[in-house]
Structure formats: C-alpha cells, structure tokens
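Here are the chains, one letter per residue:
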Amino acid sequence: MLLHVPEVLTADELASCRQRLAQAPWADGRVTAGHQSALAKHNLQLPEDAVEARELGAMVLEALARNTTFFAGALPRHIFPPLFNCYRGGGSFGLHVDNAIRYDRRGGQGIPVRTDLSATLFLNDPQEYDGGGLIIEDTFGTHTVKLAAGDMILYPSSSLHQVEPVTRGERLASFFWIQSLVRDEQQRRMLLELDVSIQSLTQSHAPHSDVLRLTGIYHNLLRAWSET
Ligand code: NI
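Structural notes, computed from the coordinates.

Some thoughts on the packing of aromatic side chains
And step 1. The final tally for this structure, using the stated rule, is 3 aromatic pairs.
And step 2. Here the aromatic rings of Phe 70 and Phe 71 are separated by 5.7 Å at their centres, their planes lie at 85°, and the arrangement is edge-to-face.
And step 3. The class of Phe 71 is partly exposed, set by a relative accessible area of 39%.
And step 4. Here Phe 175 and Trp 177 contribute two aromatic rings whose centre-to-centre distance is 5.7 Å and whose plane-to-plane angle is 90°, an arrangement assigned as edge-to-face. The exposure classification of Phe 175 matches that of Trp 177, with both residues buried.
And step 5. An aromatic cluster of three or more residues is present, and its members are Phe 80, Phe 175 and Trp 177.
And step 6. The ring of Trp 177 has Arg 102 lying over it, and the distance from NZ or CZ to the ring centre is 4.2 Å.

Remarks on the coordination of the nickel ion
And step 1. The nickel ion binds to the protein through His 96 (NE2), Asp 98 (OD) and His 161 (NE2); the donor distances cover 2.1 to 2.2 Å.
And step 2. Read from N- to C-terminus, the donor residues coordinating the nickel ion fall into the pattern H-x1-D-x62-H. Residue Asp 98 is found in the loop between strand 7 (92–96) and strand 8 (101–104), and its partner His 161 is found in strand 15 (residues 160–163); the two are separated by 63 residues along the sequence.
And step 3. Among the residues examined, Asp 98 registers a relative accessible area of 13% and is labelled buried.
And step 4. The buried category is assigned to His 161, whose relative accessible area is 3%.

Cut-offs and rules
- Just so you know, the residues in each chain are numbered from 1, in the order the chain's sequence is written.
- Reporting in this predicted model follows two pLDDT cut-offs: at least 70 for local features of residues, and 80 or more for side-chain atom pairs to be given and counted; totals over whole chains, interfaces and linings ignore these cut-offs and use all residues.
- Computation of side-chain values: all heavy atoms of the structure, hydrogens and water removed.
- Classification of ring pairs rests on two measures: the distance between centres of Phe, Tyr or Trp rings, Trp counted by its six-membered ring, which must be within 6.5 Å, and the angle between planes, read as stacked under 30 degrees, edge-to-face over 60 and tilted in between.
- Only protein chains enter the accessibility calculation, which uses a 1.4 Å probe; a residue whose area is less than 20% of its type maximum is buried, one above 50% is exposed, and one in between is partly exposed.
- The criterion for a charge sitting over a ring is simple: Lys NZ or Arg CZ within 6 Å of the ring centre, and within 35 degrees of the ring normal.
- As a rule, N, O and S atoms within 2.8 Å of a metal are its donors, except that Na, K and Ca use 3.2 Å; water is not among the atoms, so sites may look incomplete.
- Secondary structure counts use DSSP, requiring at least four H or I residues in a row for a helix and at least two E residues in a row for a strand, with both numbered from the N terminus.

Set out below in structure tokens:
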C-alpha cells in the first residue's frame, strides 16, 4: 500500500528547513547505501551526525508525532532518525531495495530497526525541478510519485524503487524508515481501513453502541497482531 500523507510540515517549518539545507555540508550519498545500492546511488546526503541533520530530523519527528494519518497508517514502533538528500545535475538512484535492517546509532550501540515502511518527505515543490520522480513497484503495478513540498509518501520497504534523474533544478527530501507494531502489510492496511471507517461513522453520528463495538474490534485486532 502506498499512503500519501499531506501537509506533514507547515509552511514555516518548510521555510526554515530550506534555509538550513542551503548552508548544510552535503556529502556523497553512497555513505549510507548498502553494497548493492551504492552502485546505483548518485546523489548528495547530509551526514547523519551533521548538526543540521540532527536538528531538522528532530523537527520532522515532532511533525510526525502530531500527524494522525501517519500514526494510523504506519502504527510506528521505531522511527529511524530522518535523513536528508538532494538530487541535482542528473543525479539519480537506480532500481534497488532498501536494507532490511538499519542500525539506529543514537545513544551509542546500534539498535536494530526492521524496515517495514520507507518514507519520503518532499521538501520542495515539483515545479522546481524536472525528473526526480520516485518510482515504486508494488503488486498493483508501477507508481511514479512527486508530491507537493511538505507532503510525504509511505511505501513498503520490500518494494523495488528508484529515483529518476533530476535534469533541472534540485530535489530536496527527507527520507527514513519505520519499524511498525504490525509487521504484516495486509494487516496494517485492514487496520487503517477499519480506523478510517470508524472515524467516518463517528462523524456521521452513527449509533454510539455500533461505533463502540467496531472500536473494540479494532483494538482487539491490534492487540492480536502487534508486537511491542
Ligand atoms: Ni531506497
């Protein structure tokens, strides 16, 4: 399932992010790539320990914490610290699959994070660059994603994906991975659909006892399927 999460960042947050990134110490993106994907990766990235990456990453995490769509869709167990990249001058990232495990090295020893979901948060508008579409292959076909500044796409980390060459301007994004409380993608999708239906029934003033029963089913499924 691909989930579009609109307006993750406010206009003010985007502006300060862009300002910080314009001064930031960009480095070769291959430093965080696995062996296989390093061959395909041609972009710039902020080093994980750069002060800009840490502070802007904290801002993204705060934005995610107030986003109910993100929570309902991802059911996050562990969010890898957000990273930042820039594609320009023909930069691209060929077809690859993300590493299954990432090590979150905040606080010393690396904590293993299973990558259930991959996230790309777009930091500038598609009109500012040509190319740069995120192409994701899933069981329903191939999708090309280019979203407005501040919007985010969540997609299964198991999918093959690539970023098309950027032939004009530059494409700025934050990217990270999520280990979900619910490992199985279909179970996550059903929980999201149930959650959205309950919200909608609540808003249309459906009988309280019916909403309550469905809410109980949601929590009992989450209890059965989650791992903490
Ligand atoms: Ni990737």
